[in-house]
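Structure assessment
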Amino acid sequence: MSTKDERIPTRLYLITPPRLDPAGFADTLKAALDAGDVASLQLRLKTEAGDTAPADELRRAAEILMPLAHARNVAFIVNDSPEIAREMGADGVHIGQDDTPYKEARKIVGPDAVVGVTCHNSRHLAMEAGEAGADYVAFGAFHPTDTKVTHSRAEPEILTWWSELFELPCVAIGGITVENAPPLIEAGADFLAVSAGVWAHEKGPAEAVRLFNLLMNP
Ligand SMILES: Cc1ncc(COP(=O)(O)OP(=O)(O)O)c(N)n1
Ligand SMILES: Cc1ncsc1CCOP(=O)(O)O
Ligand SMILES: [Mg+2]
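Residues numbered from 1 in each chain as written. Chains lettered and ligands numbered in written order. Predicted model: local features only at pLDDT ≥ 70, side-chain atom pairs only at ≥ 80, totals over all residues. Heavy atoms only, no water.

The name given to the protein in an unreviewed UniProt entry is Thiamine-phosphate synthase, with the source organism recorded as Tepidicaulis marinus. What UniProt states about the protein under its Pathway (unreviewed entry) heading is, verbatim, "Cofactor biosynthesis; thiamine diphosphate biosynthesis; thiamine phosphate from 4-amino-2-methyl-5-diphosphomethylpyrimidine and 4-methyl-5-(2-phosphoethyl)-thiazole: step 1/1." A UniProt comment under Sequence similarities (unreviewed entry) is attached to the protein, and it reads "Belongs to the thiamine-phosphate synthase family." (UniProt positions renumbered as here; feature names shortened; annotations may be inferred.)

Set out below in C-alpha cells:
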C-alpha cells in the first residue's frame with residue numbers, strides 16, 4: 001500500500017449545474033478552469049423532473065463548453081448519453097445504474113473513450129463495473145445534496161477499501177465542499193466530483209477551485 005506522500009494527488013472532477021445557458025455559463029466556466037487544476041468536466045444537464053435533458057440541449061452545450069475544457073486540457077465527459085458523447089467527440093460518458101448498461105455504452109463510445117459508472121455505496125457494483133472494463137467507479141453520496149435526489153449514503157471507508165485493493169480510479173461524489181473534502185482525500189479518493197460546492201461557493205467558482213486545489217496539492 002502506498003503511503004499518503006507516494007499517492008498521486010486527488011484531482012477535481014467538476015459537474016456542471018443541471019440547468020444552464022451554455023453561452024451565459026461560458027465565462028464562469030473559463031474562470032473556474034483557469035483558477036486551478038481540474039481533471040475533467042462532466043456535462044450533466046437535467047430537466048426539472050430530473051430526466052436527462054433533450055439531445056439538442058446536450059449538443060448545443062457540448063458545442064459551446066467542450067472547446068473551453070479542451071483548450072485547458074480538461075477532459076469533457078457527457079452524463080447519461082453515450083450516443084451524444086460519441087456524436088460530439090467527447091472524452092467519455094458517465095452512466096448510472098438506470099442508464100445505458102456498461103457493455104452497450106462501451107460499444108457506442110468505443111475502446112478509447114472513458115466510461116465511468118455510478119456504484120453508490122456498493123462494493124459489489126464497483127467490482128462488477130471494474131471487471132466489465134469501466135475506467136473509473138464513483139461512490140456516493142458522501143454528504144447531503146440538493147443537486148440530486150439520492151438514496152444511498154457512502155462512508156469514506158469504501159474509498160480506502162477500493163484504493164487498497166484496486167488500481168482503477170475511484171471518484172467520490174455527493175454534497176462535497178471545501179470544508180468536508182479532507183476526509184475523502186485522506187481516505188483515498190482519486191477524484192472529487194463536485195457541482196454545487198464549486199458553482200454555489202460563497203466566494204465564487206474560481207475561488208472554490210483554488211481552495212479545492214490547496215487541499216489536494218498542499
Ligand atoms: C462522477 C459521477 N458519479 C455519479 C453520478 C450519478 O450518475 P447517475 O446515478 O446516473 O445519476 P445522474 O447524475 O444521471 O442523475 C454522476 N453523474 N457522475
Ligand atoms: C450526480 C450526483 N450523484 C450522486 S450525488 C450527485 C450530485 C452531485 O452534486 P453536488 O456536488 O452539488 O452534491
Ligand atoms: Mg445518469
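Here we look at the coordination of the magnesium ion (ligand 3)
Donor atoms from the polypeptide that bind the magnesium ion (ligand 3) are Asp-80 (OD) and Asp-99 (OD), placed at 2.0 to 2.2 Å. Residue Asp-80 is located in the loop between strand E3 (75-79) and helix H3 (82-88), and its partner Asp-99 is located in the loop between strand E4 (92-95) and helix H4 (102-109); the two are separated by 19 residues in the primary sequence. (Donors = N, O, S within 2.8 Å, 3.2 Å for Na, K, Ca; no water. Helix = DSSP H or I, 4+ residues; strand = E, 2+ residues; numbered from the N terminus.)

What about the site of ligand 1?
Residues in contact with ligand 1 amount to 14 residues; listed here are only the nearest, Arg-44, Lys-46, Asp-80, Asp-99 and Lys-148. Here an oxygen atom of ligand 1 and a side-chain polar atom of Asp-99 are 2.9 Å apart. Within the side chain of Thr-118, an N or O atom sits 2.9 Å from an oxygen atom of ligand 1. Here ligand 1 loses 92% of its free accessible area of 420 Å² to cover by the protein chains. Taken together, the residues of the shell around ligand 1 sort by class into four nonpolar, five polar and five charged. (Near = heavy atom within 4 Å. Polar contact = N/O pair within 3.5 Å; in protein donor to acceptor, adjacent residues only side chain to side chain. Areas by Shrake-Rupley, 256 points an atom, 1.4 Å probe, with all protein chains shown as cover. Nonpolar A, V, L, I, M, F, W, Y, C, P; charged D, E, K, R; others polar.)

As for the site of ligand 2
Residues in contact with ligand 2, as listed here, are Arg-44, Thr-145, Thr-147, Lys-148, Thr-150, Ile-173, Gly-174, Gly-175, Val-194, Ser-195 and Ala-196. Between ligand 2 and the protein, one listed contact pairs an oxygen atom with a backbone N or O atom of Ser-195 at 2.9 Å. Measuring from an oxygen atom of ligand 2, one finds a backbone N or O atom of Ala-196 at 2.8 Å. Coverage of ligand 2 by the protein amounts to 91% of the 370 Å² it exposes when considered alone. The residue makeup of the shell around ligand 2, split by class, is three nonpolar, six polar and two charged.

Regarding the packing of helix H1 (residues 22-33) against helix H9 (residues 205-216)
Closest axis-to-axis distance for the H1/H9 pair is 8 Å, and the angle between their directions is 25 degrees. When the axis of H1 is compared with that of H9, the two are roughly parallel. For the element pair H1 and H9, the recorded crossing hand is right-handed. Contact residues: Thr-28, Ala-31 and Ala-32 in H1; Pro-205, Ala-206 and Val-209 in H9. Class assignment for the residues of the contact of H1 with H9 results in five nonpolar, one polar and no charged. (Axes fitted to C-alpha atoms, helices over the stretch in contact; angles between N-to-C directions. Parallel < 35°, antiparallel > 145°, perpendicular 65-115°, else oblique. Left-handed = near helix turned anticlockwise from the far one by under 90°. Contact = heavy atoms within 4.5 Å.)

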